[in-house]
Amino acid sequence: MQVIPLASPHPDTSAYRQPRVLVLGFFDGVHRGHQAVIAEGRKIADAHGWPLSVLTFRDHPAVIYRGADRQSFAYLSPLTEKTTLMARFGVDQLFVIQTDASFRDVTSQQFIDEYVVGLGAQVIVAGFDYTFGKRSVANMDTIDRFAQGRFQAVAVPPVAYDGVKVGSTEIRELLQAGQVDRANTLLGWTYCNTGTVVHGLQRGRELGYPTANLAVTPGQVVPGIGIYATRFFVRGHWYPSMTSIGHNVTFEPHQPLTVESNLLDFDADLYGAPAKIKWDHYLRGEIKFANAQGLVDQLAQDAAHTRAYYEERTQ
Ligand SMILES: Cc1cc2nc3c(=O)[nH]c(=O)nc-3n(C[C@H](O)[C@H](O)[C@H](O)COP(=O)(O)O)c2cc1C
Ligand SMILES: Nc1ncnc2c1ncn2[C@@H]1O[C@H](COP(=O)(O)OP(=O)(O)O)[C@@H](O)[C@H]1O
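Residues numbered from 1 in each chain as written. Chains lettered and ligands numbered in written order. Predicted model: local features only at pLDDT ≥ 70, side-chain atom pairs only at ≥ 80, totals over all residues. Heavy atoms only, no water.

Taken as a whole, the chain is organised into domain 1 (2-165) and domain 2 (190-314). With centres defined by C-alpha atoms, the gap from domain 1 to domain 2 works out at 37 Å. Every contact between the two is made by 6 residues of domain 1 and, on the other side, 6 residues of domain 2. Summed over the three residues of domain 1 that lose the most area to domain 2, namely Ala74, Leu76 and Glu81, the buried surface amounts to 62% of that side. Between domain 1 and domain 2 we count 1 salt bridge in total. With a shortest N-O distance of 3.5 Å, Lys276 and Glu81 are connected by a salt bridge. Scanning the region where domain 1 abuts domain 2 turns up 2 residue pairs in polar contact (both at pLDDT 80 or more). Considered class by class, the residues forming the side of domain 1 that touches domain 2 number 5 nonpolar, no polar and 1 charged. (Domains from an automatic or database assignment. Contact = heavy atoms within 4.5 Å. Buried area = accessible area lost by both parts, 1.4 Å probe. Salt bridge = Lys/Arg side-chain N within 4 Å of Asp/Glu carboxyl O. Polar contact = N/O pair within 3.5 Å; in protein donor to acceptor, adjacent residues only side chain to side chain. Nonpolar A, V, L, I, M, F, W, Y, C, P; charged D, E, K, R; others polar.)

This is the structure in C-alpha cells:
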C-alpha cells in the first residue's frame, strides 16, 4: 500500500488523477465500523477494476476544528498503526492531507473539487455520519449537491455490537475504564502501544518480578489504571507478560504513572529496546498492599492467571 501526502490548502493531484473508489474519513482506530466502510469500498472497486483509496487527514478533527492541542493529542491509531491497518483491510493507497491551520479555510466545495474530484474519484464511500465542512450543510445527505454529477456517493450505515454503535468515542471510554477485552471486540484487532524500555526504580528485581518499564511514544491513548494480561514484543519476539498501569501505590512516594511488564519465563537486559504491548485481557485493579510481601503474593497469582489465560487461548 502506498502512503501519499497531499498538501493543504491546495493539493497537486495531477500525478494521481485516475478512476478510483475513494473512502473518506479520519478513521481513528480503524474499528469495525470503519472496516465496514472500507469493505464496501473494496467491493465497489473490485466490481469496476478500480483501485481502492482512502483520503484522510494528518490531524484529528478535534485538532483541526475544535482547538485541541496538536502536540499532546492522543490517538487510538497514530499514522504508523493506521497505515498497517489500512493495508491489512485491503486499501491500495492512503492519501494523507497535511492538515495545518490553513486547512480550516478549505471550503466544502473546494474540498470536493480539489481533493475528491482532483484524485479522480468515481465513487466515494463514507460512514453515514461523515461531514466535510459545516455539519448541517456538508454531509452524506447533501453531498450530491457538491458532487454535481461528477461521482456517486455511498453512505454506509452504523455497525452495532450488542445494540451499541461501534465508535471511536466508545472505544476510548472502554480503554480508559480498563475494559480492553470489550474494546478489542469493537476494534476488531488487539489494542497496542509502542515505546522504549526505560529505567525504573530497580525495585522489581528485588521483589522477584523485574519489570520492563515502557516509555510510551507520545500521541497514543493508553488504557486506564489496572493490571493486564499482555503480549510484549521485543527484539523480534512476542512474550506472554503481565503488565501494570499505575502509580505503584504500595510504595511511598507514589510514582508518576508507569506502564511496566513482567515477561514470563524471560531473563535478559532490555533497557533501551523498542517494544510493543498488546493489551489482551483485564486482570484486576491496582491495589495498595500493606507491605511488599502482599504485592509479591498477588504477583504470583497474576502470573498464574496470565498463564491460564494464554493456555486457554491457544487451545
Ligand atoms: C503484574 C503487575 C501487577 C502489579 N500490581 C501492583 C499493585 O496492585 N499495586 C502496586 O502498588 N504496584 C503494583 N505493581 C507495580 C510494582 O509496584 C512495581 O512493579 C514494583 O514496585 C517495581 O517497580 P520498578 O519497575 O520501579 O522497579 C504491579 C506490577 C506488575 C508487573
Ligand atoms: N522477565 C523479565 N521481565 C521484564 N524485565 C526483565 C525480565 N528479566 C530481566 N529484565 C530486565 O530487568 C529490567 C527490570 O528490572 P527492575 O528491577 O524492575 O528495574 P527497573 O526498575 O529499572 O525497571 C528490565 O528493564 C529488563 O531490562
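Here we come to the site of ligand 1. Taken together, 24 residues form the shell around ligand 1, and within it Arg203, Thr211, Thr250, Glu260 and Ile287 come nearest. Measuring from an oxygen atom of ligand 1, one finds a backbone N or O atom of Val249 at 3.1 Å. A distance of 2.6 Å is found between an oxygen atom of ligand 1 and a side-chain nitrogen or oxygen belonging to Glu260. Protein contacts shield 99% of the accessible area of ligand 1, which totals 630 Å² for the unbound molecule. Counting only elements with at least two residues in the shell around ligand 1, the list comes to α8 (204-207), β12 (237-246) and α9 (292-314). It is α9 that provides the largest number of residues to the shell around ligand 1, a total of 3 residues. Broken down by class, the residue content of the shell around ligand 1 amounts to 10 nonpolar, 9 polar and 5 charged. (Near = heavy atom within 4 Å. Areas by Shrake-Rupley, 256 points an atom, 1.4 Å probe, with all protein chains shown as cover. Helix = DSSP H or I, 4+ residues; strand = E, 2+ residues; numbered from the N terminus.)

Picture the strands of a sheet paired through backbone hydrogen bonds; they go either parallel or antiparallel. With antiparallel pairing, 6 strands are arranged side by side around a closed barrel as β9-β10-β13-β12-β11-β14. Each neighbouring strand pair of the sheet contributes to a mean axis angle of 45 degrees, computed without reference to strand direction. Judged from the 6 bridges that link them, β12 and strand β13 (residues 258-263) form a sheet pairing that is antiparallel. Opposite Gly246, over in β13, you have Thr258 as the bridge partner. The sheet strands contacting helix α7 (residues 180-187) are β11 (226-234) and β14 (274-284), and the helix crosses β14 at an angle near 115 degrees. Running at roughly 95 degrees to β14, α9 makes contact with β11, β12 and β14 of the sheet. (Pairing = 2+ DSSP bridges. Axes fitted to C-alpha atoms, helices over the stretch in contact; angles between N-to-C directions.)

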